[in-house]
Amino acid sequence: MKIKILTLFPNMFNEFIGESIIKRAKDKGIVEFEIIDFRLWSNDKHHHVDDTPCSGGAGMVLRPDILIPAIKDNSCSNTYKILMTPQGRLYKQNIAEELSKKDEIMIICGHYEGFDERIRDYVDDEISIGDYVLTGGELASMVLSDSIIRLLNDAIKKESHEDDSFQNGLLEYPQYTRPIEYDGKVVPSVLLNGNHKDIRRWRLKESLRKTLKRRPDLLTNRKYTKEELELLDEIKEEEDGEK
Ligand code: 6GU
């Protein structure tokens, strides 16, 4: 997959693409990055990219006559163009999965107060990473890239994302490692007895328990399996027993 990023702050990406799983994916040829400084599309003396809002108001607005040519010059019919904006659709794991199937994406990072509304007509998608305001789309574009790259074949071991939180619509089950006992707290015995059927059922149950407690909103439209319904009953009985 190719990821093109349009930004005014290309240096912000140096560490991001030079470390860890992202670097490994790049070295293995799973992903290719192109970081594009769209200030190069400004041809006035001071390389201005923004201007004051028409009819007044605070802040500066990114100019369409710079960003739109930069988008056009760096994309082809195959490029899925995404504008990072707090006004976009809210980013979720299912969108990461959708985007991970594309051959080429372009992520456009706005900065300052906003961009000229006409830019919207030149992109395929608008994405926000949450209900808060960032100073620019750069961090958000890294969030997108990271979550997409880890889904690409061979970027990480398949099993390590099959059980991820959200991948099956539930939060991930509790994880433990050695030592078996620490500060009087012990690893649940079911995880030590090597019975894979029991372990799988325990993990599903604890995923359900955690999701129910912390993120009940994730369960609103869930189509439960028969096993999940049984486990939910068990959880309810256990909680009632504790009261
Ligand atoms: Cl994509 N951009 C900015 N500037 N702020 C945000 C955002 C994006 N997503 C959430 N807040």
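All values reported here derive from a predicted model rather than from experimental measurement.

1. Looking at the overall build of the protein chain
So, step 1. Within the protein chain, the secondary structure is distributed over eight helices and ten strands.
So, step 2. Its C-alpha atoms give the protein chain a radius of gyration of 23 Å, clearly above 18 Å, the size a compact globule of 243 residues would have.
So, step 3. Along the three orthogonal principal directions, the C-alpha set of the protein chain runs to about 70 × 40 × 40 Å.
So, step 4. The buried share among the 243 residues of the protein chain stands at 42%.
So, step 5. In the protein chain, of all internal contacts separated by at least 6 residues, the share reaching a separation of at least 24 is 75%.
So, step 6. Counting every atom, the protein chain has about 14700 Å² of accessible surface; 49% of that belongs to carbon and sulfur.

2. Things to note about the nonpolar core
So, step 1. One finds I3, F33 and L99 to be the most contacted residues of the largest nonpolar core, which totals 30 residues.
So, step 2. Within the residue set of this core, elements represented by two or more residues are β1 (2-7), α1 (14-17), α2 (20-27), β5 (79-90), α4 (93-100), β6 (104-109) and α5 (138-149).
So, step 3. Residues V49, I66, A70 and I119 belong to the second largest nonpolar core, which totals 17 residues.

3. Re the pattern of salt bridges
So, step 1. Counted under the stated rule, the structure contains 24 salt bridges.
So, step 2. Among the ionic pairs, R63 bridges to D65, the shortest N-O distance being 2.9 Å.
So, step 3. Its relative accessible area of 45% is what places D65 among the partly exposed residues.
So, step 4. We note a salt bridge from E206 to R209, for which the minimum N-O separation is 2.8 Å. Here E206 and its partner R209 are both found in helix α7 (residues 196-214), three residues apart, which amounts to about one turn of the helix.
So, step 5. Ionic contacts of the salt-bridge type, sharing partners, join the residues R200, R201, K205, E206, R209, K226, E227, E230, E234, E238 and E239 into one network.

4. Some details on the sheet that holds strand β4 (residues 61-62)
So, step 1. Taken together, the three strands give an open sheet; going across it, the order is β3-β4-β7, and neighbouring strands pair in mixed fashion. The open sheet has two free edges, formed respectively by β3 (50-51) and β7 (114-115), since each of these has just one partner strand.
So, step 2. As judged from the two bridges shared by β3 and β4, these two strands associate in the antiparallel manner. For D50, the partnering residue across the bridge sits in β4 and is L62.

5. Considerations on the packing of α4 against α5
So, step 1. It is the contact of α4 with α5, at a shortest axis distance of 9 Å, that shows an interaxial angle of 70°. When the interaxial angle is binned, α4 and α5 end up roughly perpendicular. Every residue of α5 that contacts α4 at A96, L99 and S100 is listed here: L144, S147 and I148.
So, step 2. Tallied by class, residues from the contact of α4 with α5 come to four nonpolar, two polar and no charged.

6. Brief notes about the site of the ligand
So, step 1. Taken together, M84, T85, P86, I127, S128, I129, G130, Y132, L134, G136 and A140 make up the full set of residues near the ligand.
So, step 2. S128 has a polar side-chain atom sitting 3.4 Å from a nitrogen atom of the ligand.
So, step 3. Contacts to the ligand include Y132, whose backbone N or O atom sits 2.5 Å from a nitrogen atom.
So, step 4. Summarising the interface, the protein chains cover 95% of the accessible area of the ligand, which totals 290 Å² for the free molecule.
So, step 5. Elements represented by at least two residues in the shell around the ligand include exactly β5 and β8 (125-128).
So, step 6. Top contributing element to the shell around the ligand by residue count: β5, with three residues.

Thresholds, definitions, all that
- Residues numbered from 1 in each chain as written.
- Predicted model: local features only at pLDDT ≥ 70, side-chain atom pairs only at ≥ 80, totals over all residues.
- Heavy atoms only, no water.
- Helix = DSSP H or I, 4+ residues; strand = E, 2+ residues; numbered from the N terminus.
- Rg over C-alpha atoms; globule rule 2.2 N^0.38 Å.
- Buried < 20%, exposed > 50% of the residue type's maximum accessible area, 1.4 Å probe, protein only.
- Contact = heavy atoms within 4.5 Å.
- Areas by Shrake-Rupley, 256 points an atom, 1.4 Å probe, with all protein chains shown as cover.
- Core = buried A, V, L, I, M, F, W, Y, C linked by side-chain atoms within 4.5 Å.
- Salt bridge = Lys/Arg side-chain N within 4 Å of Asp/Glu carboxyl O.
- Pairing = 2+ DSSP bridges.
- Axes fitted to C-alpha atoms, helices over the stretch in contact; angles between N-to-C directions.
- Parallel < 35°, antiparallel > 145°, perpendicular 65-115°, else oblique.
- Nonpolar A, V, L, I, M, F, W, Y, C, P; charged D, E, K, R; others polar.
- Near = heavy atom within 4 Å.
- Polar contact = N/O pair within 3.5 Å; in protein donor to acceptor, adjacent residues only side chain to side chain.

Note that all results are geometric; they support no functional claim without further evidence.
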